[in-house]
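Observations on the model geometry
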Amino acid sequence: MKSGLISCILLLLVCAVSTAAQDLQEIYDSAKEALLDADPKKAFRLVAEAKALVEDDPRLDPNGMFSRRLLPQIERYAETMQQLLTKLEELAVQGNVSIEWPDLPASAEAVQQYAAIAKEKSEQLLASRSRLLAETDLPSEYREALRQSLPYRQIDRAVSTGIVEQLTRRFVGITSALVDSLKGVNRRYANLYKALEKAKKTPAVSQTEISKLNEQLVQVTRERDKLLQTFAKMLQADVGEDVKPVTRALERQNLETIFTNTLNSEIKYLRSIKEVDRQTYQNLLKGYERLESYNKIFVNTGVAKDKSEQLRELKASIDQLKVTGRRPSPMLFFILLGIVLTVGFLILFRLASKKTTPAGTGTHNAAGHAKH
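Throughout what follows, the structure given in this document is the object of discussion. (Residues numbered from 1 in each chain as written. Predicted model: local features only at pLDDT ≥ 70, side-chain atom pairs only at ≥ 80, totals over all residues. Heavy atoms only, no water.)

What follows is about the nonpolar core. Counting 94 residues, the largest nonpolar core has F231 and F298 as the members making the most contacts within it. Among the elements that take part in this core, helix 6 (residues 150-200) stands out by supplying 17 residues, more than any other. Sequence-distant contacts of F298, defined by excluding residues within four places in its chain, comprise L228, F231, A232, L235, L255, F259, V303 and A304. (Core = buried A, V, L, I, M, F, W, Y, C linked by side-chain atoms within 4.5 Å. Buried < 20%, exposed > 50% of the residue type's maximum accessible area, 1.4 Å probe, protein only. Helix = DSSP H or I, 4+ residues; strand = E, 2+ residues; numbered from the N terminus. Contact = heavy atoms within 4.5 Å.)

Have a look at this one:
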């Protein structure tokens, strides 16, 4: 009876030790899983739990494999991972620090320079992150775990969103000033157009004053074209794959409405005049071609819908103008050239005919004179 009881107690002890040893192995495996989840704090906690089990019952680790090798190794990995996560967090914060932008005038060159600054900032962040992982002695599976960590992904967001958003805000400031200028030019254009229409209907206004208003209107048109050209060049120089900062900035500034108003005012002005000189006509055609090119750029970049219908109206308004001092048509030139060549050929033919006489005529006359 006593021996049976002792056997039961020993069996229970063996089972308890076996269960505790199994628990130790599971805790160790869980600590490794924690590192694979880039959670070094959890790994530290599990290692501490495993060490406490061994301290309470050294029989769980009879050869010291856990206490001397496996658990310290997990601790080292967890410590290294924690240090790397801290450095990655610091890099993520740097990615969100405001960039010091130089003060450049609005132009395609400014777009390229600002984009280069943003690109350099992004590349520096990514290079620093790559160096951190390359220089560590962590096993590859734990390095891969760091690539899935929150600080690592925050750096990706800082590059793809944070820096691009800073660049967008910079371009919003630039384009806002340009758009305000364009709005001001459009107001001046509208006021000059009204003044011109009023002057044409007022007999007391001299032709000189009307010509002066026309010249001012032409000058304002040039200013407007220059601003639109700047927008087009900035959009063509825009950077980014998914998000283009200049495009985003101009979408916020509602460039489409301003471009629509520009075309409408041009059409309205052209319909109010009947004739222009040859040089003005050529300038109007060139202006139309530029507006057509701006439309293509605005449509391709998504800042405005296609304005082809308005452009056709604009072209029709130019075509209906009477052009004074028009150059002779090419057909008339060729007709005149043909007449000149024909007359020249006839004159040459007559001259050649006079120089050529019958071979015996001169001899016969000479003989007749000799008889006399």
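By the secondary structure assignment, A92 is in helix 3 (residues 65-95). Residue A92 is classed as buried on the basis of its relative accessible area, which comes to 5%. As a C-alpha pair, A92 and R153 span 61 residues in sequence and 8.7 Å in three-dimensional space. Aside from chain neighbours lying at most four places away, what touches A92 is P151, Q154, I155 and A158.

This paragraph deals with the side chain of T247. Tracing the chain through its elements places T247 in helix 8 (residues 245-252). Classification of T247 by relative accessible area gives buried; the value is 6%. With residues up to four places along the chain from it excluded, the contact list for T247 reads L235, D238, T301 and V303.

It is worth spelling out the pattern of salt bridges at this point. As enumerated under the stated definition, the model contains 14 salt bridges in all. When the shortest N-O distance is used, the salt bridge between R290 and D225 registers 3.0 Å. Pair noted here: R290 is in helix 10 (residues 278-301) and D225 is in helix 7 (residues 207-236), with a separation of 65 residues, a long-range link. For R290, a relative accessible area of 32% translates into the label partly exposed. Here the residues in one salt-bridge network are E165, R248 and R252, joined through shared partners. (Salt bridge = Lys/Arg side-chain N within 4 Å of Asp/Glu carboxyl O.)

Turning our eyes to something else, we now look at a nonpolar patch on the surface. Taken together, I335, I339, V343 and I347 make up a surface patch of nonpolar side chains, about 350 Å² in accessible area. Relative to the helices and strands, V343 is located in helix 12 (residues 330-355). When its relative accessible area of 42% is taken as the criterion, V343 is described as partly exposed. (Patch = residues over 30% accessible without salt bridge, like charges linked within 9 Å, V, L, I, M, F, W, Y side chains within 5 Å. Areas by Shrake-Rupley, 256 points an atom, 1.4 Å probe, with all protein chains shown as cover.)

Glancing now at a negative patch on the surface. A contiguous patch of negative charge on the surface is contributed by D23, E26, D29, E33, D37, D39 and E49. The element contributing the most residues to the negative patch is helix 1 (residues 2-36), with four residues. (Lys, Arg positive; Asp, Glu negative; His and termini not counted. Charge placed at Lys NZ, Arg CZ, Asp CG, Glu CD.)

Our next topic: the packing of aromatic side chains. Under the criterion given, the structure shown has five aromatic pairs. Between Y28 and F66 the ring centres are 5.8 Å apart and the planes differ by 80°, which places this aromatic pair in the edge-to-face class. With Y28 in helix 1 and F66 in helix 3, the pair connects residues that are 38 residues apart, well separated along the chain. Of the two residues examined, Y28 and F66, each falls in the buried class. Each member of the aromatic cluster is reached from another via a ring pair, and the members are W101, Y114 and F171. Here the guanidinium or amino end of R224 rests over the ring plane of Y189, the centre of that ring lying 4.0 Å away. (Phe/Tyr/Trp six-rings, centres within 6.5 Å; stacked < 30°, edge-to-face > 60°. Lys NZ or Arg CZ within 6 Å of the ring centre and 35° of its normal.)

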